[in-house]
Amino acid sequence: MNSIDVFWYAWPWFGLGAAVVMLVVLFATDACRSNDGPRWRDPVWLAWLMPAALMIHQFEEYGCHVSGGEYDMIVTMATLFASNPIMAGANVPLLHFPLMNMVFAWVALPVAAILSKRNPVIGLSSYGFILANALVHVVSTIGFGVSPLESPGFFTGALGFVGLFVVMVLALRKGGFMNGRALAIAIVCGIAGHLLLAAVYALSIVGGAPAVVIGDVAVSFAPAILAMAASGGLVMKETLGKA
């Protein structure tokens, strides 16, 4: 087994290890906090919670579902594309799977969390992304008629992500760090970022692997960029402030 093969099977485990470290920092220190109130009502802390949550989800999605040396998630997607006349010509490189997941969780979400100190809409846009992801896991599990135990990422996606989304909404109501319009912007921008994943797959038909790689990086930052543009830039508009 060469170094590429080692990385191919190890990257979900790297994420799991990083997530454990992040959770210790989040719950045992004040490094990711922006106020002295409860952690669950701190928008910056909530934004920093997302990288850890995504890494754990990615571990369940890939690391916990390997059959015959192949990731079940990738096999399922390949089967789905092959059965679809439009997507049959898709040219999605294997690099897409670790690249998209790692750039999003390891780079884009931490950057959004850093920016959330001045504009919480940016940091919390990731909650719209996970809401869309949870829906995808529920629909795909039901649509394929598989058991949740056999569905890659179902428990952290459908159950964990929905729970975290509810926590964020309740935190907004209790903490009042931004109003309902700001929340709507964050959610819509996150969902839009997730929908752009479909565009990446479509790009592979005309642009091949290079288009997918470029698209992966762009989509990883899309929720934060869209939220920034819709909420006033690096500093949130005053009209989106406390409810």
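Note that the structure is a prediction, hence the values are computed from the model and not measured.

Conventions used here
Residues numbered from 1 in each chain as written. Predicted model: local features only at pLDDT ≥ 70, side-chain atom pairs only at ≥ 80, totals over all residues. Heavy atoms only, no water. Helix = DSSP H or I, 4+ residues; strand = E, 2+ residues; numbered from the N terminus. Contact = heavy atoms within 4.5 Å. Salt bridge = Lys/Arg side-chain N within 4 Å of Asp/Glu carboxyl O. Buried < 20%, exposed > 50% of the residue type's maximum accessible area, 1.4 Å probe, protein only. 1 Å grid on protein atoms, 1.4 Å probe; cavity = no way out; pocket = protein on both sides within 12 Å on 5 of 7 lines; lining within 4 Å. Points joined across faces, edges and corners; volume = space filled by probe spheres on them. Nonpolar A, V, L, I, M, F, W, Y, C, P; charged D, E, K, R; others polar. Expected span 1.5 Å × (residues − 1). Polar contact = N/O pair within 3.5 Å; in protein donor to acceptor, adjacent residues only side chain to side chain. Lys, Arg positive; Asp, Glu negative; His and termini not counted.

Peer 1: Explain the environment of N101 here, please?
Peer 2: Inspection of the secondary structure assignment puts N101 in helix α4 (residues 96-115). Considered as a pair, N101 and P12 are 89 residues apart in the sequence and their alpha carbons are 9.3 Å apart. Among residues more than four places away in sequence, those in contact with N101 are W11, Q58, E61 and Y62.

Peer 1: Looking at this structure, I do not really get the pattern of salt bridges. What am I missing?
Peer 2: One pass over the full model with this rule turns up 2 salt bridges. D30 is the partner of R33 in a salt bridge, and the nearest nitrogen-oxygen pair spans 3.2 Å. Its relative accessible area of 53% is what places D30 among the exposed residues. The partner of R39 in a salt bridge is D30, and the shortest N-O contact between them spans 3.5 Å. Counted as one network, the salt bridges with shared partners bring together D30, R33 and R39.

Peer 1: When you look at the layout of surface pockets in this model, what are you seeing that I'm missing?
Peer 2: Remark: the empty space left among the atoms is shown by a probe the size of a water molecule rolled over them. Approximately 1,000 Å³ is the volume attributed to the largest pocket. As for the largest pocket, its lining consists of 37 residues, of which M73, M77, V136, H194 and Y201 are closest to the centre. Broken down by element, the residue count for the lining of the largest pocket peaks at 10 residues, all from helix α5 (residues 120-144). Tallied by class, residues from the lining of the largest pocket come to 23 nonpolar, 11 polar and 3 charged.

Peer 1: Explanation requested: helix α1 (residues 3-28) in the structure shown.
Peer 2: Helical geometry note: an α-helix holds 3.6 residues per turn, so side chains three or four residues apart project in the same direction. With 26 residues, α1 extends 35 Å between its outermost C-alpha atoms, agreeing within 8% with the 38 Å of an ideal straight helix rising 1.5 Å per residue. Among all positions of α1, only W8, A10, W11, P12, G15, A18, A19, M22 and L26 are buried. Elements in contact with the buried residues of α1: α2 (43-63), β2 (70-71), α3 (72-82) and α4. The N-cap of α1, judged by a side-chain oxygen 3.1 Å from the amide nitrogen of I4 a few residues on, is N2.

Peer 1: Can you walk me through α2 in this structure?
Peer 2: Look at α2: 30 Å from first C-alpha to last across 21 residues, which is about the 30 Å you get at 1.5 Å a residue. The buried count for α2 comes to 19 of 21 residues, which makes it a mostly enclosed element. The distance from a side-chain oxygen at the start of α2 to the backbone nitrogen of V44 is 3.0 Å, and the residue carrying that oxygen is D42.

Peer 1: Would you mind going over the side chain of E60 with me for this structure?
Peer 2: Relative to the helices and strands, E60 is located in helix α2. Of the side chains bearing the opposite charge, R39 lies closest to the buried E60, which forms no salt bridge; the N-O distance is 24 Å. At 3.4 Å, the side chain of E60 forms a polar contact with the backbone nitrogen of F154. Side chain to side chain, E60 and T156 meet in a polar contact 2.4 Å long.

Peer 1: What is the right way to read empty space enclosed by the protein from this model?
Peer 2: Counted under the stated rule, the structure contains 1 cavity of 30 Å³ or more. Looking at the largest cavity, the residues that line it are F104, A108, L109, A112, I122, S125, S126, S220, P223 and A224. Among the elements of the structure, α4, α5 and α7 (180-231) are those that each provide at least two residues to the lining of the largest cavity.

Peer 1: Looking at this structure, how should I read the side chain of Q58?
Peer 2: When you line up the elements, Q58 lands in helix α2. A residue is classified by how much of its surface remains accessible, and Q58, at 3% relative accessible area, is buried. A polar side-chain atom of Q58 sits 3.1 Å from the main-chain carbonyl oxygen of N101. When residues no more than four places from it in sequence are discounted, the contact partners of Q58 are W11, P12, G63, N101 and A105.

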